[in-house]
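One letter stands for each residue in the lines below.
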Amino acid sequence: MIINKVTLYSHAWDEMRNFYVDVLGFELLSQTDDVFEIKAGESVLEIKKYHHKEKPFYHFAMNIPTNLFTSAKAWAKSKVELTREDGDDEVYFSFSDAHAFYFLDPSGNIVEFISRYSVSPKSEAKYFSAQNVLCISEINITTDEVRDLGNKLISNGVPVRNGEAISDNGLNFMGEHEAGSFLLLGPRKRRWIFSNKESEIFPLSIVINQQLDISMDGKGFMELKPVKHNQPNSGKNCC
């Protein structure tokens, strides 16, 4: 599975635009009065202004080259404070053979940079920059209807990782392990690691495989529809 585009909402739109473009150095693809898009490797991250009283936040991850993890961590620490879990500011996931670190952006999103050693390529670059991001590799889908939505995704060609059964109360990694990109399907009130935040339902949309547009409303209901236009993405695996 390839995540071509993710659209999130923010109550801190101006700060988000400054953070991702001016501070972190991501390439700005487009901007209007209330929407901007940045290039995240083979993916596009779109941020829209949120005009309601709630303050949306999400968890998403970006894949980075396996040989640049240490450089990426130093780069991030020069720009933002990394969050910690049990005193550590990075984690190794033995199941997926991956290293990751986390930080919060101006919207309170839990942002993860992850090197997946079994699937992510190396880079010829000596030092990390935002242009070395490979793709968006994870985005959460939070709902009260985990099993129903999981079955809808499965019927549309998005399996649970490694053929696992859907967990109503846990976090389900939807996608093929070999591709290194996943939709994180789970219920509300799960604590995101490396934060004190619990998962909540907010609107978002996701385009995968240049074929399927997944839209979530603010109540956690999902709509699936075919993509009707070409996305600004090559459509190949980022890893």
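Rules and cut-offs
Residue numbers run consecutively from 1 along every chain, following the written order of its sequence. In keeping with the model being predicted, local features are shown solely for residues with a pLDDT of at least 70 and side-chain atom pairs are shown and tallied solely at 80 or more, while totals for entire chains, interfaces and linings include all residues. Hydrogens and water are ignored here; the side-chain numbers use all heavy atoms of the structure. Centres within 6.5 Å are what make two rings of Phe, Tyr or Trp a pair, Trp counting through its six-membered ring; a difference in plane orientation under 30 degrees is then read as stacked, over 60 as edge-to-face, and the rest as tilted. Every helix listed is a DSSP run of H or I at least four residues long, and every strand listed is a run of E at least two residues long, numbered separately from the N terminus. Remark: exposure states derive from per-residue accessible area (1.4 Å probe, protein chains only) relative to the maximum for the residue type, with buried under 20%, exposed over 50%, and partly exposed in between. Charge over a ring is defined by NZ of Lys or CZ of Arg lying within 6 Å of the ring centre and within 35 degrees of the ring normal. A pair of strands is considered paired only if DSSP assigns at least 2 bridges between the two. Axis angles are defined between N-to-C directions and span 0 to 180 degrees, where every axis is a line fitted to C-alpha atoms and, for a helix, only to the segment in contact. Within 3.5 Å is the distance limit for a polar contact, defined as a pair of N or O atoms, with the added protein rule that one can donate a hydrogen and the other accept it, and that residues adjacent in sequence qualify only through two side-chain atoms. Contact definition: two residues touch when any of their heavy atoms are within 4.5 Å. The rule for a salt bridge is simple: a side-chain nitrogen of Lys or Arg has to be within 4 Å of a carboxyl oxygen of Asp or Glu.

Chemist: Where do I start with the packing of aromatic side chains in this structure?
Modeler: The description of an aromatic ring pair uses the distance of the two centres, along with the angle that the planes make with each other. For the structure on display, the rule yields 15 aromatic pairs. Measuring from ring centre to ring centre gives 6.1 Å for phenylalanine 113 and phenylalanine 128, while their planes differ by 65°; the resulting arrangement is edge-to-face. Of this pair, phenylalanine 113 sits in strand β8 (residues 110-116) while phenylalanine 128 sits in the loop between β8 and β9 (135-142), placing them 15 residues apart in sequence. Summarising the burial analysis for this pair, phenylalanine 113 and phenylalanine 128 share the class buried. Members of the aromatic cluster, each reached through a chain of ring pairs, are Phe19, Tyr20, Phe26, Phe69, Trp75, Phe101, Phe103, Phe113 and Phe128. The ring of phenylalanine 182 carries the charged tip of arginine 161 above its face, separated from the ring centre by 5.7 Å. It is lysine 197 that lies over the ring of phenylalanine 57; its NZ or CZ is 4.5 Å from the centre.

Chemist: What exactly am I supposed to notice about the sheet that holds strand β3 (residues 35-40) here?
Modeler: The strands making up a sheet associate through backbone hydrogen bonding, with each pair oriented either parallel or antiparallel. Taken together, the seven strands give an open sheet; going across it, the order is β2-β3-β4-β1-β12-β13-β14, and neighbouring strands pair in mixed fashion. The open sheet has two edge strands with one neighbour each: β2 (27-31) and β14 (222-226). Neighbour to neighbour, the strand axes of the sheet diverge by 20° on average, direction disregarded. Here β3 pairs with strand β4 (residues 43-49) via six bridges, running antiparallel. Paired with alanine 40 across the two strands is serine 43, which belongs to β4.

Chemist: Honestly, unusual backbone geometry in this entry has me stumped. Any pointers?
Modeler: Excluding glycine, a negative phi dihedral is what most residues carry, and trans is how most peptide bonds are arranged. Although it is not a glycine, aspartate 86 adopts a positive phi angle of roughly 55°. Within the secondary structure, aspartate 86 sits in the loop between α2 (69-77) and β6 (91-93).

Chemist: It is not clear to me how the side chain of serine 137 should be interpreted in this structure. Could you clarify?
Modeler: For serine 137, the position within the fold is in strand β9. Note on serine 137: relative accessible area 0%, which makes it buried. Separated by 3.2 Å, the side chains of serine 137 and asparagine 63 make a polar contact. Leave out the neighbours within four places in its chain, and serine 137 touches Ile3, Ala61, Met62, Asn63, Ile114, Arg116, Gly180, Ser181 and Phe182.

Chemist: So what exactly am I meant to see when it comes to the pattern of salt bridges here?
Modeler: Side-chain pairs of opposite charge can arise where the charged atoms are in close proximity. This model, assessed by the stated rule, comprises 12 salt bridges. Linking lysine 73 and glutamate 90 is a salt bridge whose minimum nitrogen-to-oxygen distance equals 2.7 Å. Separated by 17 residues along the polypeptide, lysine 73 in helix α2 and glutamate 90 in the loop between α2 and β6 bring together distant segments of the chain. When its relative accessible area of 28% is taken as the criterion, glutamate 90 is described as partly exposed.

All we've got here are geometric facts, nothing functional implied.
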